[in-house]
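In case you want the letters, here they are:
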Amino acid sequence: MEKSGNKKIVMSGIRSTGFLHLGNYFGAIRNYVRMQDEYECYFMVADLHSLTTHPETKELKINVHRVLAENIACGLDPNQAALYCQSHVPETSELYLLLNMLAYKGELEKTTTFKDKVRLHPNNVNAGLLTYPVLQTADILLHRASLVPVGKDQEQHLEMARNFVNRFNHRYGEIFPEPYAFNFGEDLIKVPGLDGTGKMSKSENQYATIYLSDDDELIRRKIMKAKTDSGPTPTNTEKPDYIENLFLLMFLVSEKNTIEKFEADFNNCTIRYGDMKKQLAEDMVKFVSPIRERAESIRNDEQFLKRIMEQGAEKARKSAGATMELVRQAMGLNY
Ligand code: TYM
């Protein structure tokens, strides 16, 4: 069952655990910006999720402000979409608690992100970490959203969200639509790291990740250090991973004819990776620097950010409140 009105509902979130990077932009924020005119959108900073791995809260405020400022600098319009902070919508915690009764220990333990986190932080395997996908499902269901713009790494969480929805609907009645990961009809994106392994990430892999706050020189240095080799020998060979990744990054920020030139050079074995990386670095600087500059000035305006968060939370709580009414009714929590 969809909400009344015919605009589809969109929801997504970003943790406040560090600096945003190209993966966050191309996997998520670019889609937020493209969706905000057409859909009813709720985008939030997942500060509660960040507590599952970052219990120290000294940096939390500055991180929340940075994520908000960077979202706006990328083109998100807080007057169109609701842009809010997760902990400002306490209905999140209520729905999370109720959904926890429908989530089983076995399936939670099998979640890839949980297993990764256990490996990385063996001394902090807390219950919040285990039930991370339940909290994420609560974020989405609070607005009864059906479209969730995210990168490829979130696919499993969305699959789990659909399982929880189906369990809820089966037991208590059809309240929630099934949410799906969304990327404008294309495959979900994974922006690779510059070292040829893994993906760009907020906290790991810092030299292989380009952050939206990196200055021009740092961007150039990171790209020039990216792994290459002496070039292909037979014509039209397959690209090794680390070269494929450089092309992928070029595809995101460079002009079509630039990409075509280097593709042709690769295929006829005349490519000079030094030139390719210089070109990629300049195109990347051109892409990142306006975002960085806008974000810096927005970040310094605390009053503005506070106002945006309040306005976003008000919109989000209205939608969340209506959903919780339906949930309490459906579950018989209405005496
Ligand atoms: P987070 O904060 O790790 O990442 C935010 C968004 O950026 C995408 N992303 C990437 N996309 C492509 N390539 C990459 N290298 C890359 N790295 C990150 C992520 O897929 C994500 O879309 N659990 C979520 C936050 C969350 C959420 C939600 C998302 C909380 N509640 C409700 C959707 C709906 C997370 O940790 O994202």
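Residues numbered from 1 in each chain as written. Predicted model: local features only at pLDDT ≥ 70, side-chain atom pairs only at ≥ 80, totals over all residues. Heavy atoms only, no water.

K.L.:
Account for the state of the cysteines, naming residues and giving values.
P.N.:
Summed over the entire model, instances satisfying the criterion amount to 0 disulfides. We note that Cys74 lacks a disulfide partner, and the nearest cysteine sulfur, in Cys41, lies 15 Å from it. Overall, the relative accessible area of 9% leaves Cys74 in the buried class. (Disulfide = S-S within 2.5 Å. Buried < 20%, exposed > 50% of the residue type's maximum accessible area, 1.4 Å probe, protein only.)

K.L.:
Account for the domain arrangement of the protein, with residues named and values stated.
P.N.:
When cut into domains, the protein gives domain 1 (9-189 + 302-331) and domain 2 (214-295). Placing a centre on the C-alpha atoms of domain 1 and another on those of domain 2 gives a separation of 33 Å. At the junction of the two partners, domain 1 supplies 7 residues and domain 2 supplies 9 residues. Carbon and sulfur atoms supply 84% of the area buried between domain 1 and domain 2, which totals about 690 Å² over both sides. (Domains from an automatic or database assignment. Contact = heavy atoms within 4.5 Å. Buried area = accessible area lost by both parts, 1.4 Å probe.)

K.L.:
Please give an account of the pattern of salt bridges that cites residues and values.
P.N.:
Within the structure shown, the criterion is met by 19 salt bridges. A salt bridge links Asp116 to Arg119; its shortest N-O distance comes to 3.0 Å. Remark: Arg119 and Asp116 occur in helix α6 (residues 112-120); sequence separation between them is 3 residues, near one turn of the helix. Arg292 is paired through a salt bridge with Glu293; the nearest N and O atoms lie 3.7 Å apart. Within the structure, one salt-bridge network assembled from shared partners comprises Glu94, Glu325 and Arg328. (Salt bridge = Lys/Arg side-chain N within 4 Å of Asp/Glu carboxyl O. Helix = DSSP H or I, 4+ residues; strand = E, 2+ residues; numbered from the N terminus.)

K.L.:
So what about unusual backbone geometry? Which residues, and what values?
P.N.:
In this structure, Arg144 is a non-glycine residue whose phi angle is positive, near 50 degrees. Relative to the helices and strands, Arg144 resides in the loop between α8 (132-141) and β4 (147-149). Not every positive phi belongs to a glycine, and Cys269 is a case in point at roughly 65 degrees.

K.L.:
How would you summarise the packing of helix α4 (residues 91-100) against helix α14 (residues 302-331) if you had to cite specific residues and measurements?
P.N.:
In a pair of packed helices, the angle between the axes and the distance between the axes together describe the arrangement. Running from N to C, α4 and α14 cross one another at 30 degrees; their axes reach a closest spacing of 10 Å. As judged from the angle between their axes, α4 and α14 are roughly parallel. Regarding α4 and α14, the two cross each other, and that crossing is left-handed. Side by side, α4 and α14 meet where Glu91, Glu94, Leu95 and Leu98 of the first sit next to Arg317, Ala320, Gly321, Met324, Val327, Arg328 and Met331 of the second. Of the residues that constitute the contact of α4 with α14, the class distribution is 6 nonpolar, 1 polar and 4 charged. (Axes fitted to C-alpha atoms, helices over the stretch in contact; angles between N-to-C directions. Parallel < 35°, antiparallel > 145°, perpendicular 65-115°, else oblique. Left-handed = near helix turned anticlockwise from the far one by under 90°. Nonpolar A, V, L, I, M, F, W, Y, C, P; charged D, E, K, R; others polar.)

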